[in-house]
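Structural features, examined
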Amino acid sequence: MTRTSPEPQSPADATRVAVSTVIFTLRRLPGSDAHQVVLPLVRRTRDPHEGQWALPGGWLDIAESLDAAASRTLAETTGLAPSYLEQLYAFGAVDRSPTRVVSIVYWALLRADEITDSTVENVRWFDAADLPALAFDHNEIVDYALWRLRNKVGYSRIAHGLLAEEFTLAELREVYEAILGRQLDPANFRRQVENSGTLIPTDRFRTGSHRPARLYRYNQDVELADRGPLDSRQ
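Residues numbered from 1 in each chain as written. Predicted model: local features only at pLDDT ≥ 70, side-chain atom pairs only at ≥ 80, totals over all residues. Heavy atoms only, no water.

Attention now goes to the overall build of the chain. When its secondary structure is counted, the chain shows four helices and nine strands. Of the regular secondary structure in the chain, the N- to C-terminal order runs β-β-β-β-α-β-β-β-α-α-α-β-β. Relative to its full complement of 234 residues, the chain shows a buried share of 39%. When the accessible area of the chain is evaluated, it comes to approximately 13,900 Å², of which 49% is carbon and sulfur surface. (Helix = DSSP H or I, 4+ residues; strand = E, 2+ residues; numbered from the N terminus. Buried < 20%, exposed > 50% of the residue type's maximum accessible area, 1.4 Å probe, protein only. Areas by Shrake-Rupley, 256 points an atom, 1.4 Å probe, with all protein chains shown as cover.)

Put into structure tokens, the structure is as follows:
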């Protein structure tokens, strides 16, 4: 039995590949010591979904890798260069866009000191837990990225992507609490992280209105997150 070849696709019918990124950072709540997870969104200036907020991204160039496309589109749309960038998932539902588009989505972590003061047109920061209706399937994408972040913080040193090079245990706990959305017992938390083998105490202390707190740094011999056996340069 002969197999019939499909008719060649016209350019309008071709599947296009886009790259988008969910960028997480922490912001202190006004009048509180608590933090919230926030992310930048870009207001769309053309159809489809003109005027709605969406994840930063763009089309994959034929001559660039996925990682390079994620970094480039982030710089072009937000001016940001995150400290941690990892491929999240491929979203390719047939009805997610008026034309056939497969999005390779990355998620990134950004330290507070990596956010510039300059205002980028059509970019605004939002509470990741309280988003408006976004363009395309981007609400679903953010929910999946948050789920991945909350799971990964329990078995990797991913929280370091949101911290300065040196930090107190209280600052580290605040990162965990913001990601997990709940308070943690300080004594239990200290015991667990000190026994994890991922922290190295320094001989420096953070001074202020409270008693001096020792500064720690992460053991650089431990990967920020386990990327598995595949090479990350795709």
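Further notes follow.
Summarising the model, the chain shows a mean pLDDT of 88, and 88% of its residues fall at 70 or more. Low pLDDT (under 50) marks residues 1-5, which in the prediction has zero contacts with non-local residues, meaning those over four places away or in another chain. (pLDDT = per-residue confidence, 0-100. Contact = heavy atoms within 4.5 Å.)

Its location among the elements puts valine 22 in strand E1 (residues 16-28). In this structure valine 22 comes out as buried when scored by relative accessible area, which is 0%. C-alpha of valine 22 to C-alpha of leucine 41: the two residues are 19 residues apart in sequence and 8.7 Å apart in space. In contact with valine 22, other than residues within four places in its own chain, are Leu39, Leu55, Val105, Tyr106, Trp107, Ala108, Ile141 and Ala145.

Here the focus is the layout of surface pockets. Size it by volume and the largest pocket reaches roughly 950 Å³. Every residue lining the largest pocket is counted, 35 residues in all, and those nearest its centre are Thr168, Ala170, Glu171, Glu174 and Arg206. Of all elements in the fold, only E1, helix H3 (169-180), helix H4 (186-194) and strand E9 (213-218) reach the threshold of two or more residues within the lining of the largest pocket. Ranked by the residues each element gives to the lining of the largest pocket, the list is headed by H3, at six residues. (1 Å grid on protein atoms, 1.4 Å probe; cavity = no way out; pocket = protein on both sides within 12 Å on 5 of 7 lines; lining within 4 Å. Points joined across faces, edges and corners; volume = space filled by probe spheres on them.)

Turning to the packing of aromatic side chains, a few remarks are in order. One pass over the structure, following the stated rule, counts eight aromatic pairs. Where tyrosine 89 meets tyrosine 144, the ring centres are 5.2 Å apart and the plane angle is 50°; that geometry is what we call tilted. One end of the pair, tyrosine 89, is in strand E5 (residues 84-91); the other, tyrosine 144, is in helix H2 (residues 138-152), with 55 residues separating them in the sequence. Look at tyrosine 89 and you get partly exposed, because its relative accessible area is 45%. Considering the side-chain rings of tyrosine 176 and phenylalanine 189, the 5.2 Å spacing of their centres and the 70° angle between planes classify their relative orientation as edge-to-face. You can see tyrosine 176 sitting in helix H3 and its partner phenylalanine 189 sitting in helix H4, a full 13 residues away along the chain. (Phe/Tyr/Trp six-rings, centres within 6.5 Å; stacked < 30°, edge-to-face > 60°.)

Inspection of the secondary structure puts serine 20 in strand E1. If near-sequence neighbours (up to four positions away) are discounted, serine 20 is found in contact with Leu55, Pro56, Gly57, Ser103, Ile104, Val105 and Tyr106.

In the contact formed by H3 and H4, the axes pass within 11 Å of each other and the chain directions differ by 100°. In terms of orientation, H3 lies roughly perpendicular with respect to H4. Contact residues: Leu169, Leu172, Arg173 and Tyr176 in H3; Pro186, Phe189, Arg190, Val193 and Glu194 in H4. A class-by-class count of the residues in the contact of H3 with H4 yields six nonpolar, no polar and three charged. (Axes fitted to C-alpha atoms, helices over the stretch in contact; angles between N-to-C directions. Parallel < 35°, antiparallel > 145°, perpendicular 65-115°, else oblique. Nonpolar A, V, L, I, M, F, W, Y, C, P; charged D, E, K, R; others polar.)

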